[in-house]
Amino acid sequence: KYVFLINQNLLPFKFNIFTSKNHKSTCYAIKNMIVRGAGAIGAAAGFAMAQAFLEAPKRGFFKFVETAKKRIENTRPTAQNLFYATNKVFYSAINSEKPVKTAIETAQKIADEDAHNCKLIGEFGNKLIKSGMRIETHCNAGWLAFVDYGTALSPIYTANMKGKDIFVYVDETRPRNQGGRLTAWELENEKIRHSIIVDNAGAYFMSKNMIDIIIVGSDRIAANGDVANKIGTFEKAICAKEFGIPFYVAAPTTTIDLNCKCGADIPIEERDKNEILYQSGVSDKFKLTKVMIANPKSGILNPAFDITPAKYITGIITEKGIIKPSRNSIQKLLAN
C-alpha cells in the first residue's frame with residue numbers, strides 16, 4: 001500500500017525517504033516535486049493509480065478510481081510519462097477480472113521497464129561519447145529522475161563504467177537548481193569529474209571550444225520531434241546550433257506523445273512564483289532554510305518548460321536506438 005520515494009527537495013543536503021500512504025499523498029509528492037523527472041513521475045503516478053485501486057470502496061469502486069485518475073493527472077500537466085502510466089494502469093485494471101491485483105502488477109511493470117529502457121539508452125548513447133569529451137547537461141535526467149540509470153546521464157554513466165575519460169559541465173538550472181543540486185550530487189556519487197556552471201554560461205564555454213556534445217532529457221516529445229524539457233533547454237539548443245555542437249535528447253519511447261502534432265500542442269506548466277522569489281539551502285549550522293532573493297513586489301512568470309524545435313536537435317536517443325527528430329523517424333521507431 002505504501003510508496004517509498006527519495007525526497008529530492010532535501011538533496012544534496014539530506015537524504016530522506018518520503019513514505020506515501022495513499023494516492024493523495026503520492027499526488028502531493030508529485031505536485032511538490034518530492035519526486036520529479038519524467039520516468040520517476042511516471043512510475044510514481046502508476047503506483048498512485050494502483051494505490052487508488054487498493055483504496056477504492058466496493059460501492060462506487062469505479063467512480064472512485066476515475067476521480068483518482070483525474071487527481072493524479074492534474075499534478076503535472078507537461079510530463080507525458082505521467083499520463084502514459086495512469087492510462088496503462090487504469091485501463092489494464094478495469095479490463096481485468098482482478099482489477100486491484102492487475103493495477104499493482106502493471107504499476108510495477110512500468111517501473112521495471114523504465115529502468116530497463118534507461119539502461120539501453122545508456123548503451124546506445126555511449127556510442128556517441130569518445131574518451132576525452134566534455135559534455136554539457138541541463139536540469140537532472142539521471143537515476144533520481146527515473147527509476148534507475150536516467151536518460152541524459154545514462155550514456156555518461158555507461159561511458160564512465162567503460163573507462164572513458166569524460167568531463168561534465170552541469171547547468172545549475174534555475175529556478176530550482178536541479179542541475180547544481182541533483183545532477184552534481186549524482187556525478188559526485190559516481191566519481192565523475194564535473195563542474196557546476198550558471199545557466200547563462202553555456203554559450204561562453206561553447207565559444208571557447210570547451211564543450212563537445214550536449215545531452216539533455218525530455219518531459220514530452222511531439223509527433224514531429226519537437227521536445228519539451230526544463231526551461232532553458234531551448235537556449236542551449238540555439239547556442240549549440242550556432243557553434244556546431246551536437247545536441248542530443250535522451251528519452252524512452254514512453255515520453256513520445258503522438259497526440260501532440262508539434263511542440264505548440266504541448267501544455268506548459270506554470271509553477272508558483274515563490275520558486276523564483278525564494279531559494280532554499282542550508283545555513284552554516286547545516287540547517288535547512290529559505291531566503292528571499294528577488295524583489296517581492298515585482299511580477300513573476302515561472303514557466304517550468306520550454307519547447308525546442310526539431311530543427312535544433314541532432315538526434316533522439318531511445319531504448320530502441322538513435323533517430324532523427326522527424327515525424328517519419330518517430331513513426332518507424334514506434335512501429336518496431
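Whatever comes next refers back to the structure up there.
Residues numbered from 1 in each chain as written. Predicted model: local features only at pLDDT ≥ 70, side-chain atom pairs only at ≥ 80, totals over all residues. Heavy atoms only, no water.

(A) Representation of the sheet that holds strand E7 (residues 220-222) within the structure. The mixed open sheet is built from 4 strands, whose spatial order is E10-E7-E8-E13. Two strands lie at the open edges of the sheet, namely strand E10 (256-257) and strand E13 (305-308), each paired on one side alone. (Pairing = 2+ DSSP bridges. Helix = DSSP H or I, 4+ residues; strand = E, 2+ residues; numbered from the N terminus.)

(B) Quick look at the sheet that holds strand E6 (residues 213-216). If you trace the 7 strands from one edge of the open sheet to the other, you get E5-E4-E3-E6-E9-E14-E15, paired in mixed fashion. Only two strands of the sheet have a single neighbouring strand rather than two, namely strand E5 (194-197) and strand E15 (321-323). The average undirected angle you get between the axes of adjacent strands in this sheet is 25 degrees. Pairing geometry for strand E4 (residues 167-171) and E5, over 4 bridges, is parallel. Pairing of aspartate 171 across the sheet is with isoleucine 197, part of E5. (Axes fitted to C-alpha atoms, helices over the stretch in contact; angles between N-to-C directions.)

(C) Structural context of the environment of alanine 251. Note on placement: alanine 251 falls in the loop between strand E9 (247-250) and E10. As for alanine 251 and threonine 318, which are separated by 67 residues in sequence, their C-alpha atoms are 5.4 Å apart. The contact partners of alanine 251, leaving out residues within four places of it in the chain, are Ile121, Thr151, Ser218, Ile221, Ile317, Thr318 and Glu319. (Contact = heavy atoms within 4.5 Å.)

(D) Representation of the packing of helix H1 (residues 23-31) against helix H3 (residues 61-73). Remark: H1 packs on H3, axes separated minimally by 10 Å, with the N-to-C direction vectors making an angle of 10 degrees. The angle between H1 and H3 places the two elements in the roughly parallel class. Of the two possible hands of crossing, H1 and H3 adopt the one that is right-handed. Seen from H1, the contacting residues are His23, Lys24 and Cys27; seen from H3, they are Phe64, Ala68, Arg71 and Ile72. Grouping the amino acids of the contact of H1 with H3 by side-chain chemistry returns 4 nonpolar, 1 polar and 2 charged. (Parallel < 35°, antiparallel > 145°, perpendicular 65-115°, else oblique. Left-handed = near helix turned anticlockwise from the far one by under 90°. Nonpolar A, V, L, I, M, F, W, Y, C, P; charged D, E, K, R; others polar.)

(E) Representation of the packing of aromatic side chains. Applying the stated criterion across every chain yields a total of 12 aromatic pairs. Note on phenylalanine 167 and tyrosine 169: the rings are 5.1 Å apart at their centroids and 70 degrees apart in plane angle, and the pair reads as edge-to-face. One aromatic cluster in this structure is built from Phe53, Phe61, Phe62, Phe90 and Tyr91. Sitting over the face of the ring of phenylalanine 90, lysine 69 holds its NZ or CZ atom 5.7 Å from the ring centroid. (Phe/Tyr/Trp six-rings, centres within 6.5 Å; stacked < 30°, edge-to-face > 60°. Lys NZ or Arg CZ within 6 Å of the ring centre and 35° of its normal.)

(F) Local environment of the pairing of E4. In terms of burial, E4 is a largely internal element, 5 of the 5 residues being buried. Of the two faces of E4, the one lined by Phe167, Tyr169 and Asp171 and the one lined by Val168 and Val170 are each fully buried. A crossover connection joins strand E3 (residues 134-137) to the parallel E4 through helix H6 (residues 154-161); in handedness this β-α-β unit is right-handed. For the crossover that starts at E4, traverses helix H7 (residues 178-189) and ends in the parallel E5, the hand is right-handed. (Buried < 20%, exposed > 50% of the residue type's maximum accessible area, 1.4 Å probe, protein only. Right-handed = clockwise from strand over helix to strand, strands pointing away.)

(G) Just the side chain of threonine 183, in detail. Residue placement: threonine 183 occurs in helix H7. Apart from the residues lying within four places of it in its own chain, the contact partners of threonine 183 are Thr137, Cys139, Asn140, Ala141, Leu153, Val170 and Gln178.

(H) Structural detail: the pattern of salt bridges. In the structure shown here, the tally under the stated rule is 10 salt bridges. Measuring nitrogen to oxygen at the nearest pair gives 2.7 Å for the salt bridge that ties arginine 271 to glutamate 269. Like glutamate 269, arginine 271 is buried. For arginine 271, the salt bridge identified is with glutamate 275, shortest N-O distance 2.7 Å. Accessibility expressed as a relative area gives 13% for arginine 271, which makes it buried. Here the residues in one salt-bridge network are Arg76, Arg176, Glu269, Arg271 and Glu275, joined through shared partners. (Salt bridge = Lys/Arg side-chain N within 4 Å of Asp/Glu carboxyl O.)

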